[in-house]
Amino acid sequence: MMAQLQQGGPDEKEKTTALKDLLSRIDLDELMKKDEPPLEFPDTLEGFEYIFNEKGQLRHVKTGEPFVFNYREDLHRWNQKRYEALGEIITKYIYELLQNECHLKKVTLPEGYGVIVLNPNENYIEVEKTKAQIQLSSDISDEPAEKRERKDKIQKETKKRRDFYEKYRNPQKEKETMQIYIRDNGSPEEHAIYVWDHFISQSAAENVFFVAHSYGGLAFVELMIQREAEVKNRVTAVALTDSVHNVWHQEVGKTIREWMRENCCNWVSSSEPLDTSVESMLPDCPRVSAGTERHELTSWKSFPSVFKFFSEAVKAKNSLVKPTPTRRSNRIKYEEF
C-alpha cells in the first residue's frame with residue numbers, strides 16, 4: 001500500500017502516460033506559426049525605422065532607443081525572423097563601409113559565388129525554401145576520386161565537432177533554410193583553411209593577426225592542426241574572444257598548445273574588469289576578462305586590449321621577447337600554464 005501511494009498509484013501512471021502521449025503528438029513549431037503574423041519584413045534600414053547615429057550606434061528614428069528584440073510579446077519565432085532580416089541589412093551596410101571607407105577588397109569564393117571573404121564564420125548562403133528553387137552546387141563528379149575521399153574524410157572529422165558546439169554558435173537557429181554548399185567551404189573549419197591557402201598565405205604582409213570570436217576560435221585551432229608549420233611561420237599573434245575551442249576535444253598536439261600559450265589570448269565573458277586574469281581548466285592560451293558578461297559584446301569591449309596585445313606582439317617579435325596579454329597589474333605568468 002505504501003509503495004502504491006508513493007508512486008501515485010496505477011491510475012496516476014496511466015494519466016501521466018496518456019498526457020505524455022498527447023504532448024508527443026503536438027507539433028510545437030506548427031502551433032507557434034498558427035497565430036503569428038506573416039514573415040514579411042522591410043528590406044531597408046528606413047523600413048525598419050532604424051538609423052546609425054553619428055557614433056555608429058543603431059537607434060530607432062522615433063524613440064532614439066536601441067534595437068528591441070521582443071518587438072511583439074509572446075512571438076519569439078517572429079521576433080527572431082525580424083532580427084535576422086534586419087541583420088542581413090546591417091551586414092550589407094557594414095560590408096559597404098569596409099569596402100568604401102576601409103578600402104577592403106571584395107572577393108568571391110570559388111567560381112563566382114557571391115560571398116565576401118570578411119567573416120570566416122559565414123560559410124553557407126542560406127535561402128528560404130519558399131523563395132526559390134536552387135540547384136545545389138554539389139556537382140563534384142569531375143573531381144579526382146582521391147580529392148573527393150579527402151574532402152569526405154575532413155567533413156566527417158569536423159561534423160562531430162560542429163554538432164558538439166552548434167548550441168554555442170546559434171541555439172535558436174531555424175530549420176527552414178536550405179544550406180547551399182560552397183565548393184571547398186563546406187564548414188567553418190574548411191572555410192578557414194581555404195581562406196588561408198588562397199589569400200592569407202599568399203599575402204605580402206609581414207605580420208598576420210587573427211581575431212576569432214566564439215566558434216571562430218575553434219576554426220582557427222583546426223587551421224593550426226592542418227597547417228601548423230605555416231601558421232607558426234606567418235602569424236604574429238591571435239586574439240580570441242569568448243572562443244569555444246577545446247584543445248582536448250579537438251585533439252590538439254603539445255607543440256600547438258605550447259605555441260598558443262605564448263602567442264594567443266582569449267578574452268572571455270566575465271563580470272571581472274577588463275584584462276583581469278580568469279582561471280582556465282585547459283592547458284592552452286591565457287584567459288582574461290573581456291569586461292562584459294555578454295558573449296556578443298566580448299569583441300567590442302576587448303578591442304582596446306586586443307590592439308595593445310598586437311602592438312606588443314610586434315615589438316616582442318622584433319626584440320624576441322614575448323608580449324603580455326594583460327595590464328601590468330594583472331599579468332599572467334606563462335609558466336603557470
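A quick note: this is a predicted structure, and the numbers were derived from the prediction, not measured.

1. Some points on the overall build of the protein
Next up, step 1: Assigned secondary structure in the protein consists of eleven helices and eight strands.
Next up, step 2: Out of the 337 residues belonging to the protein, those deemed buried represent 36%.
Next up, step 3: A separation threshold of at least 6 residues defines the contact pool for the protein, and within that pool the share at least 24 residues apart is 65%.
Next up, step 4: Of the roughly 21500 Å² of accessible surface on the protein, a fraction of 51% belongs to carbon and sulfur atoms.

2. Some remarks on the nonpolar core
Next up, step 1: If you look at the biggest cluster of nonpolar residues, it comprises 22 residues, and the most contacted ones within it are Phe210, Phe220, Val231, Val235, Val238, Trp259 and Met260.
Next up, step 2: Among the secondary structure elements, those contributing two or more residues to this core are α7 (188-200), β5 (208-213), α8 (215-226), β6 (235-241) and α10 (254-263).
Next up, step 3: Excluding anything up to four places from it in sequence, Val231 contacts Trp196, Phe220, Leu223, Met224 and Trp259.
Next up, step 4: Counting residues in hydrophobic clusters, the runner-up holds eleven residues, among them Ala239, Trp267, Leu274 and Phe310.

3. With respect to the confidence of the model for the protein
Close inspection of predicted coordinates is inappropriate for parts of the model with low pLDDT.
Next up, step 1: Confidence in the prediction for the protein averages 75 pLDDT; 65% of positions are at 70 or higher.
Next up, step 2: Looking across the protein, the model is least confident in strand β3 (residues 125-128), with a mean pLDDT of 34, and most confident in β6, with 97.
Next up, step 3: Below pLDDT 50 for its whole length, residues 164-178 participates in 33 contacts with residues either more than four positions away or in separate chains.

4. Quick notes on the sheet that holds strand β7 (residues 264-268)
Next up, step 1: Ordered in space as β5-β6-β7-β8, the four strands form an open sheet in which the pairing is parallel. Strand pairing shows two members of the sheet lacking a second neighbour, β5 and β8 (287-289), which therefore form its edges. Ignoring which end each strand starts from, the neighbouring axes of this sheet average 20° apart.
Next up, step 2: Where β7 meets β8, three bridges bridge the pair, whose relative direction is parallel. Paired with Trp267 across the strands is Val288, a residue of β8.
Next up, step 3: Helix-sheet contacts for α8 involve β5, β6 and β7, and the interaxial angle to β5 is about 135°.
Next up, step 4: Here α10 sits on the sheet in contact with β6 and β7, set at roughly 70° to β7.

5. Some details on the state of the cysteines
Next up, step 1: Overall, the coordinates contain zero disulfides when judged by the stated rule.
Next up, step 2: In this structure Cys264 is a free cysteine whose sulfur lies 5.4 Å from that of Cys285, the closest cysteine sulfur available.
Next up, step 3: In this structure Cys265 is not part of a disulfide, and its nearest cysteine sulfur, from Cys285, lies 6.7 Å away.
Next up, step 4: The buried category is assigned to Cys265, whose relative accessible area is 0%.

6. Some thoughts on the side chain of Ser302
Next up, step 1: The residue Ser302 is located in helix α11 (residues 298-319) in this model.
Next up, step 2: For Ser302, a relative accessible area of 0% translates into the label buried.
Next up, step 3: Here Ser302 is in contact with Thr241, Trp267, Leu274 and Ala290, once residues within four sequence places are set aside.

7. What about the environment of Ile200?
Next up, step 1: Examined against the element boundaries, Ile200 turns out to sit in helix α7.
Next up, step 2: Here the alpha-carbon distance between Ile200 and Val231, two residues 31 residues apart in the chain, equals 9.9 Å.
Next up, step 3: In this structure, Ile200 is in contact with Val195, Val208, Phe210 and Arg234, ignoring residues within four places of it in sequence.

8. What to know about a nonpolar patch on the surface
Next up, step 1: Together, Val211, Trp300, Phe303 and Phe307 line one region of the surface with nonpolar side chains, adding up to about 450 Å² of accessible area.
Next up, step 2: In terms of residue count, α11 provides more of the nonpolar patch than any other element does, three residues in total.
Next up, step 3: Topologically, Val211 is positioned in strand β5.
Next up, step 4: The partly exposed category is assigned to Val211, whose relative accessible area is 43%.

9. Considering the environment of Glu96
Next up, step 1: Tracing the backbone shows Glu96 in helix α5 (residues 76-100).
Next up, step 2: Look at Glu96 and you get partly exposed, because its relative accessible area is 45%.
Next up, step 3: Residues Glu96 and Lys106 lie ten residues apart in sequence; the distance between their C-alpha atoms is 9.6 Å.

10. Quick notes on the pattern of salt bridges
Next up, step 1: Applying the stated rule across the entire model yields five salt bridges.
Next up, step 2: Where Asp197 meets Arg227, a salt bridge forms, and the shortest distance between an N and an O atom there is 2.8 Å. Within this pair, whereas Asp197 is found in helix α7, its partner Arg227 is found in the loop between α8 and α9 (228-234), the two being separated by 30 residues in sequence.
Next up, step 3: According to the relative accessible area criterion, Asp197 is partly exposed, its value standing at 24%.
Next up, step 4: Exposure remark for Arg227: the relative accessible area of 22% places this residue in the partly exposed category.
Next up, step 5: A salt bridge links Glu296 to Arg294, with the nearest nitrogen and oxygen atoms 2.9 Å apart.
Next up, step 6: Residue classification places Arg294 among the partly exposed positions, given a relative accessible area of 47%.

So, how was this worked out
Residues numbered from 1 in each chain as written. Predicted model: local features only at pLDDT ≥ 70, side-chain atom pairs only at ≥ 80, totals over all residues. Heavy atoms only, no water. Helix = DSSP H or I, 4+ residues; strand = E, 2+ residues; numbered from the N terminus. Buried < 20%, exposed > 50% of the residue type's maximum accessible area, 1.4 Å probe, protein only. Contact = heavy atoms within 4.5 Å. Areas by Shrake-Rupley, 256 points an atom, 1.4 Å probe, with all protein chains shown as cover. Core = buried A, V, L, I, M, F, W, Y, C linked by side-chain atoms within 4.5 Å. pLDDT = per-residue confidence, 0-100. Pairing = 2+ DSSP bridges. Axes fitted to C-alpha atoms, helices over the stretch in contact; angles between N-to-C directions. Disulfide = S-S within 2.5 Å. Patch = residues over 30% accessible without salt bridge, like charges linked within 9 Å, V, L, I, M, F, W, Y side chains within 5 Å. Salt bridge = Lys/Arg side-chain N within 4 Å of Asp/Glu carboxyl O.

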